[in-house]
Amino acid sequence: MIDLKYIGHSAFQITNGENAVLIDPWVDKNENYNWRDEPIKDILLTHAHGDHIGNCIEIAKGKDVAITAVAELAQWCKEQGVKTKSINLGGWLNYSWGRAVFVPAFHSSSLPDGRYGGCAAGIVFDVEGIRIYHAGDTCLTGEMKTIKELYTPQVAILPIGGNYTMDVEHAAVAAKWLGVKTVIPMHYGTFPEIQADLEQFARLISFNNTACNIINPIGTESNQK
Ligand code: NI
Ligand code: MN
């Protein structure tokens, strides 16, 4: 039995029984989420921007778990005194909760000190046979057609806020190219420049018979469309 929690912005937790993975853990904005109470076994980062590394160092130390990230970002994490798994795009990685593969994302990636953070990534998860694609920060890219061909995800978690990533129109095209049944929008509303019209998004993706599953961050009223 797997459980997917939306913590806020791009932060998600996938739990498989007694093992959970935390993705892009900028979690201190959500007072209804306490990482200390969660069975976190790994932290995976899509890229180095502050709104994605979030509280990763504090959580990795507190839980004594490794951060998996692209080599340059993993090196920076290691210098902060945490365990790391240094990887790059391509190839399945095995974990206690399932497996994951890092895939291309078109975006920049710099660390808080301005250092190069390696290439940005999306991540495809396979947990108990359920394929979930977390796109990270990316524009619309033809790579999504390859992701469908290689991994056929059932669920896509897509940024829709525009400005730094896809907007609602591009995310609707992404949903079509990915051939997914369910889309969970993320990376919107957090900053003034990434506002998004969820009704418009739901309408746009309904044209490809895709369900727009709008999951609000835990602790807020749920709103399913
Ligand atoms: Ni970013
Ligand atoms: Mn971002």
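Residues numbered from 1 in each chain as written. Chains lettered and ligands numbered in written order. Predicted model: local features only at pLDDT ≥ 70, side-chain atom pairs only at ≥ 80, totals over all residues. Heavy atoms only, no water.

## Some remarks on the coordination of the nickel ion (ligand 1)
This is how the line gets drawn: Coordinating donors are taken to be N, O and S atoms lying within 2.8 Å of the metal, or within 3.2 Å when the metal is Na, K or Ca; because water is excluded from the atom set, some sites may appear incomplete. Any site counts as irregular unless it has four donors with all angles between 85 and 135 degrees, making it tetrahedral, or four or six donors with opposite ones more than 155 degrees apart and the rest between 65 and 115, making it square planar or octahedral. Helix numbers and strand numbers start at the N terminus; a helix is a DSSP run of H or I with at least 4 residues, a strand a run of E with at least 2.
Only His47 (NE2), His49 (ND1), His107 (NE2) and Asp137 (OD) from the protein coordinate the nickel ion (ligand 1), and they sit 2.2 to 2.3 Å from it. Here the nickel ion (ligand 1) binds 4 donor atoms, and the angle range of 89 to 177° at the metal identifies the geometry as irregular. Considered as a linear motif, the donors of the nickel ion (ligand 1) on their single chain read H-x1-H-x57-H-x29-D. Separating the nickel ion (ligand 1) from the manganese ion (ligand 2) is a gap of 3.2 Å, bridged by aspartate 137, which donates to each. Residue histidine 49 is found in the loop between strand S4 (40–44) and helix H1 (50–53), and its partner histidine 107 is found in the loop between strand S8 (98–104) and strand S9 (121–127); the two are separated by 58 residues along the sequence.

## Regarding the sheet that holds strand S2 (residues 11–16)
Applied cut-off: Between any two strands, pairing holds if DSSP finds at least two bridges. Lines fitted to C-alpha atoms define the axes here, with helix axes fitted over just the stretch in contact, and angles between the N-to-C directions of these axes take values from 0 to 180 degrees. We call two residues in contact whenever any of their non-hydrogen atoms come within 4.5 Å of each other.
Taken together, the 6 strands give an open sheet; going across it, the order is S1-S2-S3-S4-S5-S6, and neighbouring strands pair in mixed fashion. Taken across any chain shown, the strands that pair with only one partner, and hence form the sheet edges, are strand S1 (2–8) and strand S6 (84–87). The mean angle between the axes of side-by-side strands here comes to 20°, regardless of whether they run parallel or antiparallel. As judged from the 4 bridges shared by strand S5 (residues 66–70) and S6, these two strands associate in the parallel manner. Looking across to S6, one finds that valine 70 is bridged to isoleucine 87. Helix H2 (residues 56–63) contacts strand S3 (19–23), S4 and S5 of the sheet and is inclined by roughly 155° relative to S4.

## Some words on the packing of aromatic side chains
How we decide: Stacked, tilted and edge-to-face pairs are distinguished by plane angle, under 30 degrees for stacked and over 60 for edge-to-face with tilted covering the rest, among Phe, Tyr and Trp rings (Trp via its six-membered ring) whose centres lie within 6.5 Å. Relative accessibility decides the category of a residue: with a 1.4 Å probe and only protein chains considered, values under 20% of the type maximum give buried, values over 50% give exposed, and everything between is partly exposed. Here, a charge over a ring is recorded when the distance from Lys NZ or Arg CZ to the ring centre is within 6 Å and its angle to the ring normal is within 35 degrees.
Across all of its chains, the model carries 5 aromatic pairs by this definition. For the ring pair tryptophan 92 and tyrosine 151, a centre distance of 5.5 Å and an interplane angle of 85° mean the geometry is edge-to-face. You can see tryptophan 92 sitting in the loop between S6 and strand S7 (93–95) and its partner tyrosine 151 sitting in helix H4 (residues 143–151), a full 59 residues away along the chain. Judged by relative accessible area, which is 28%, tryptophan 92 ranks as partly exposed. Pairing tyrosine 95 with tryptophan 97 gives two aromatic rings, centres 4.5 Å apart and planes at 10°, and the pair type is stacked. Classification of tryptophan 97 by relative accessible area gives buried; the value is 1%. Pairwise contacts between aromatic rings join Tyr95, Trp97 and Phe125 into one cluster. For the cation-ring pair, arginine 99 lies above tryptophan 92, with the distance from its terminal atom to the ring centre recorded as 4.0 Å. In this structure, lysine 145 packs its charged tip against the face of tryptophan 177, placed 4.3 Å from the ring centre.

## With respect to the nonpolar core
Side chains of a nonpolar character, in soluble globular proteins, are inclined to be buried together. We apply this condition: Throughout this description, the term nonpolar core refers to a set of buried Ala, Val, Leu, Ile, Met, Phe, Trp, Tyr and Cys residues connected via side-chain atoms within 4.5 Å.
Ranked by internal contacts, the top residues of the largest apolar core, which has 27 residues, are Tyr133, Leu158, Leu178 and Phe201. Excluding residues that lie within four positions of it along the chain, tyrosine 133 makes contacts with Val103, Ile123, Val124, Met144, Ile147, Pro153, Val155, Ala156, Ile157, Leu158 and Leu178. Counting residues in each nonpolar core, the second largest holds 24 residues, with Trp35, Ile57, Trp76 and Leu111 among its members.

## Describing H4
Heads up, the condition is: Summarising the geometry, the arc corresponds to the directions from the helix axis toward the C-beta atoms.
Every buried residue of H4 is accounted for by Met144, Ile147 and Tyr151. Around the axis of H4, the buried residues are gathered within 55° of arc, so they sit on the same side. Tucked into the core, H4 has its buried residues touching S8, S9, strand S10 (130–134) and helix H5 (168–178). Where H4 ends, the next residue or the one after it, threonine 152, has phi of about 35°, a positive value.

## Quick notes on the side chain of aspartate 137
Heads up, the condition is: Asp and Glu are treated as the negative residues and Lys and Arg as the positive ones, with His and the ends of the chain left uncounted. The term salt bridge refers to a side-chain nitrogen of Lys or Arg lying within 4 Å of a carboxyl oxygen of Asp or Glu. Pairs of N or O atoms within 3.5 Å make up the polar contacts considered here, provided that, within protein, one atom can donate a hydrogen while the other can accept it, and that residues adjacent in sequence are counted only when both atoms are side-chain atoms.
Residue placement: aspartate 137 occurs in the loop between S10 and H4. No salt bridge is formed by the buried aspartate 137; its nearest oppositely charged neighbour, lysine 29, is found at 16 Å. A distance of 3.1 Å separates the side chain of aspartate 137 from the side chain of histidine 187, its partner in a polar contact. In this structure, aspartate 137 is in contact with Ser10, His47, Asp51, His52, Ala105, Phe106, His107, Thr165 and His187, ignoring residues within four places of it in sequence.

## Structural notes on the packing of H5 against helix H6 (residues 198–206)
Stated precisely, the cut-off is as follows: An angle below 35 degrees is treated as roughly parallel, one above 145 as roughly antiparallel, one from 65 to 115 as roughly perpendicular, and anything else as oblique. Left-handed describes a crossing whose near helix is turned anticlockwise from the far helix through less than a right angle; right-handed describes the clockwise counterpart. Each residue is assigned to one class: nonpolar for Ala, Val, Leu, Ile, Met, Phe, Trp, Tyr, Cys and Pro, charged for Asp, Glu, Lys and Arg, and polar for all the others, Gly among them.
Interhelical geometry of H5 versus H6 gives an angle of 30° and a closest axis separation of 9 Å. Viewed along their axes, H5 and H6 adopt a mutual orientation that is roughly parallel. Seen along the crossing, H5 lies across H6 with a hand that is right-handed. Of H6, the residues touching H5 (which contributes Val168, Glu169, Ala171, Ala172 and Ala175) are Gln200, Phe201, Leu204 and Ile205. Here the contact of H5 with H6 is built from residues that sort into 7 nonpolar, 1 polar and 1 charged.

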